Protein chains: 2
Amino acid sequence: MKLNRVAIIGVGLIGASFGLALKERGLADEIYGFGRNEDNLKKAKARGIIDAYSTDITKVSSSADLVVLATPVGVFVEIAREISPFLKKGSIVIDVGSVKGRLVYELESIMPEGVHYVGTHPIAGSDKSGIEYARPDLFKDARCIITPTEKTDPESLSFILELWKDFGCNVELIDPMKHDEIYGAVSHLPHIIAYCLVNTIGQIDSEYIRYAGQGFKDTTRIALSSPELWRDIVVYNRDNLLKLLEVFEKNIEELRRLLEEASSEKIKELFTKAQELRRRCGNLSS
Amino acid sequence: MKLNRVAIIGVGLIGASFGLALKERGLADEIYGFGRNEDNLKKAKARGIIDAYSTDITKVSSSADLVVLATPVGVFVEIAREISPFLKKGSIVIDVGSVKGRLVYELESIMPEGVHYVGTHPIAGSDKSGIEYARPDLFKDARCIITPTEKTDPESLSFILELWKDFGCNVELIDPMKHDEIYGAVSHLPHIIAYCLVNTIGQIDSEYIRYAGQGFKDTTRIALSSPELWRDIVVYNRDNLLKLLEVFEKNIEELRRLLEEASSEKIKELFTKAQELRRRCGNLSS
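Residues numbered from 1 in each chain as written. Chains lettered and ligands numbered in written order. Predicted model: local features only at pLDDT ≥ 70, side-chain atom pairs only at ≥ 80, totals over all residues. Heavy atoms only, no water.

## Things to note about the pairing of strand β2 (residues 28-34) of chain B
Residues and elements named next belong to chain B. In terms of burial, β2 is largely enclosed, as 5 of its 7 residues are buried. Strand direction decides the pairing type here: strand β1 (residues 3-9) and β2, joined by 6 bridges, are parallel. Pairing of Val6 across the sheet is with Ile31, part of β2. Handedness of the β1-helix α1 (residues 13-25)-β2 crossover: right-handed. In terms of strand pairing, β2 meets strand β3 (residues 52-54) through 3 bridges, oriented parallel. Of the residues in β3, the one forming a bridge with Phe34 is Ser54. (Buried < 20%, exposed > 50% of the residue type's maximum accessible area, 1.4 Å probe, protein only. Helix = DSSP H or I, 4+ residues; strand = E, 2+ residues; numbered from the N terminus. Pairing = 2+ DSSP bridges. Right-handed = clockwise from strand over helix to strand, strands pointing away.)

## Observations regarding the side chain of His179(B)
Along the chain, the position of His179(B) falls in helix α7 (residues 176-205). Not counting the four nearest positions on each side in its chain, His179(B) is found in contact with Ser98(B), Val99(B), Lys100(B), His121(B), Ile145(B), Thr147(B), Ile174(B) and Gly184(B). (Contact = heavy atoms within 4.5 Å.)

## Things to note about the sheet that holds β2(B)
All names here are of chain B. Strand order in this open sheet of 8 strands is β3-β2-β1-β4-β5-β6-β7-β8, and the pairing throughout is mixed. Bordering the open sheet on either side are β3 and β8 (170-173), each of which pairs with just one other strand. Across the sheet, the mean angle from the axis of one strand to that of its neighbour is 25 degrees, orientation sign disregarded. Sheet strands touched by helix α6 (residues 154-166): β1, β4 (66-69), β5 (92-95), β6 (116-122), β7 (143-146) and β8. Its angle to β6, the strand with the most contacts, is close to 25 degrees. (Axes fitted to C-alpha atoms, helices over the stretch in contact; angles between N-to-C directions.)

## Brief notes about the interface of chain A and chain B
Listed per partner, the contact involves 89 residues of chain A and 89 residues of chain B. Taking both partners together, chain A and chain B bury about 8800 Å²; carbon and sulfur atoms supply 67% of that area. It is Tyr211(A), Phe271(A) and Arg278(A) in chain A that bury the most area against chain B; as a group they hold 9% of the surface buried on that side. In this structure, the connection of chain A to chain B is made through 10 salt bridges. With its nearest N and O atoms 2.7 Å apart, the salt bridge here joins Arg221(B) to Asp218(A). Of all elements in the fold, only β7 (143-146), α7 (176-205), α8 (214-220), α9 (227-236), α10 (238-260) and α11 (264-279) of chain A reach the threshold of two or more residues within the side of chain A that touches chain B. No other element matches α7(A), which puts 20 residues into the side of chain A that touches chain B. (Buried area = accessible area lost by both parts, 1.4 Å probe. Salt bridge = Lys/Arg side-chain N within 4 Å of Asp/Glu carboxyl O.)

## Comments concerning the packing of aromatic side chains
Tallied over the full model, the rule gives 15 aromatic pairs over all chains. When the ring of Tyr211(A) is compared with that of Tyr183(B), the centres are 6.0 Å apart and the planes differ by 70 degrees; the resulting orientation is edge-to-face. With Tyr211(A) in the loop between α7 and α8 and Tyr183(B) in helix α7, this pair bridges two chains. Pairwise contacts between aromatic rings join Phe18(A), Phe139(A), Trp164(A) and Phe167(A) into one cluster. (Phe/Tyr/Trp six-rings, centres within 6.5 Å; stacked < 30°, edge-to-face > 60°.)

## A look at the pattern of salt bridges
Applying the stated criterion to the full structure yields 42 salt bridges over all chains. A salt bridge links Glu181(A) to Lys178(A); the nearest nitrogen and oxygen atoms lie 3.5 Å apart. One end of the pair is Glu181(A) and the other is Lys178(A), both in helix α7 and 3 residues apart, which spans about a single turn. When its relative accessible area of 33% is taken as the criterion, Lys178(A) is described as partly exposed. Where Arg135(B) meets Asp137(B), a salt bridge forms, and the shortest distance between an N and an O atom there is 2.8 Å.

## Topic: the sheet that holds strand β6 (residues 116-122) of chain A
All names here are of chain A. Pairing in this open sheet of 8 strands is mixed, and the strands run β3-β2-β1-β4-β5-β6-β7-β8 from one edge to the other. With one partner strand each, in any of the chains shown, β3 (52-54) and β8 (170-173) form the two edges of the open sheet. Strand-to-strand twist of the sheet, defined as the mean angle between neighbouring strand axes without regard to direction, takes the value 25 degrees. Note: strand β4 (residues 66-69) against strand β5 (residues 92-95), 4 bridges, orientation parallel. In the sheet register, Leu66 faces β5, and the bridge partner there is Ile92.

These results come straight from atomic positions and should not be treated as a statement about function.
Rendered as C-alpha cells:
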C-alpha cells in the first residue's frame, strides 16, 4: 500500500500527525504540504513532516495519489472545488473533519470522474492545536469513523480503512448522517456547553475564575479548543445541534423548576440517573 | 494546638481524611467517629482513622473539644440541633461543607453559649467518595475557604485557620454569602450542567455514550459525584443557582439563535471570548 505522493492540505495537529504516521511507516515517497501560513509549512519541513510545500494548492494536489483535507471543516468545499479540476485520475481524496453528514455527499459530488472520495474522522483532536503537538502515534488506539456512501469506491474505501488501521486506529464504518447525530451529541454539544459555561462566569464576575477547582477545569477544558475549528463544526452540524440544544435546555429548565420548588428527591433522582449513565464510560478523573 | 478529643460526624472522604491528617500530626489524643453505617465506622477504626465509634451521636460529641460536621450538607442543621444541648463548653464546631451562606448563620445560631462555630470549606472533594479514597494529604495544597461572621470567636477562628494551614491548605477568609456566589458559579453550576448534559444524551440515545471521547468524559466527570451530596448543595444554594442558570440559559439561547442564523463570525467571537477566559485557569488536559 505504498503511495507515491501525498498532499496534506492544512498542516496542523491532525494533518502533521498524519504525515508523521506515513513517514514512520515509509508509506509515502513524498509528502507535499499546503497551508495559509508559510512559517508553519517551513517548520513542518524542518521537522521532516513534509518533504516540500507550496502556497499554490493546485501544485501540491495535482500529482498526488492521496489528498488529505485537514484544514478547518469550513473550507473543505471551497478547497475541493479549487483542486478538483487538477486531481489525478485514480487518486483518493479524504478529509479528517469532525463533521460528516451532508458534507460527505457534497465533497463526493465535487470529485471529477475517476477520483475517489472517502470521508474519515479520526477522534484524535484535542484542545491543543498546531504542529507543536503533532506526533506519529497520535492515532494509536484512537477511534476512527469512516463514512462511506453507496457511491464510495470499494477499493478506495478498503485502502483508506487499512491505512487508518495501520496507524493504530479502531476503525468503524458509520452512515454519514448518523455520524453527525452521534458526534453532535457526545462531542459538539459538550463544546457549545463548555464555551457557554465559561462565558457565563465571565458575565457574572470573571475574577471568580481564580477560585476554579479541578471540576470547573475539567468541565471547561474543551473551551480551550480552536474557536475557528469549532465554529465550522457547529455551523455544519447545526440541524442536529438545534435539536440537541432543545433537549438540553429542557433538562436545564426542569432542573430550574425543581430548584425553585426545592424538590430534593426529584433532583437526587435526576442526578442519580446521570451518574449511572456517566459510569458507563468510566471514571477517568485525574 | 493539641486536641484532647475530636468527633468526626460523617466518616466519608473528607471526614476520614481529616482524621488521618490529625493522626499523622499527632494533633488529637482520641478521635471518635459517628455515622449511619456501622460497617463503614468499623472500616474506619480498622484503618486507624478513628479510635472509637458510636451510632449514638450525643455520646460521640459530648466530650469533644472539636466536632467536625462532615456529612452531606443537608443534615448539618438537624445534627447541630441534636448535639447542641450536649456540647462541652469551650468546644469548637466546624463544618466542611460546600455551601456556606445562610447555613453558616443558622449553624452559628444553634450553638449554645460557650461553644464556637466556624464555617470551613476545604476544596478537596472529588467525584470519588467514601473512606476508600481518604488520605492524610488530601488537603495538601488545596484551597480552604473559612467564612467567619461578625460573631465568630476570634480565638476559635485563629485555631481553625492554623489547623487547616497545618494540613497544607491555602486558607482564605471570605464572607459566607460571597462564598456561595463564587462557588455557585465555579462549582455548583458546572455540576448541574454536567448532570443535565449526561441526561440529555440518555434521552437522545444512551447507546451514543460508547462513542464518548476524552472531551465528553472530562466535561461530565463531575456527574459521577454523589447525587445525595450534590442535591443538598444545589438546594441550599438555590437562590444563587437560579440567577446563574438564568445567565447560562441566556448564553445557550444566544448560541442557538446564532446557529439558526448560521452567524459564523459571531459564534467564533463567543467561542474566542470563552477560550480567552478559560486560559486564565490553565490547560490541565491529560
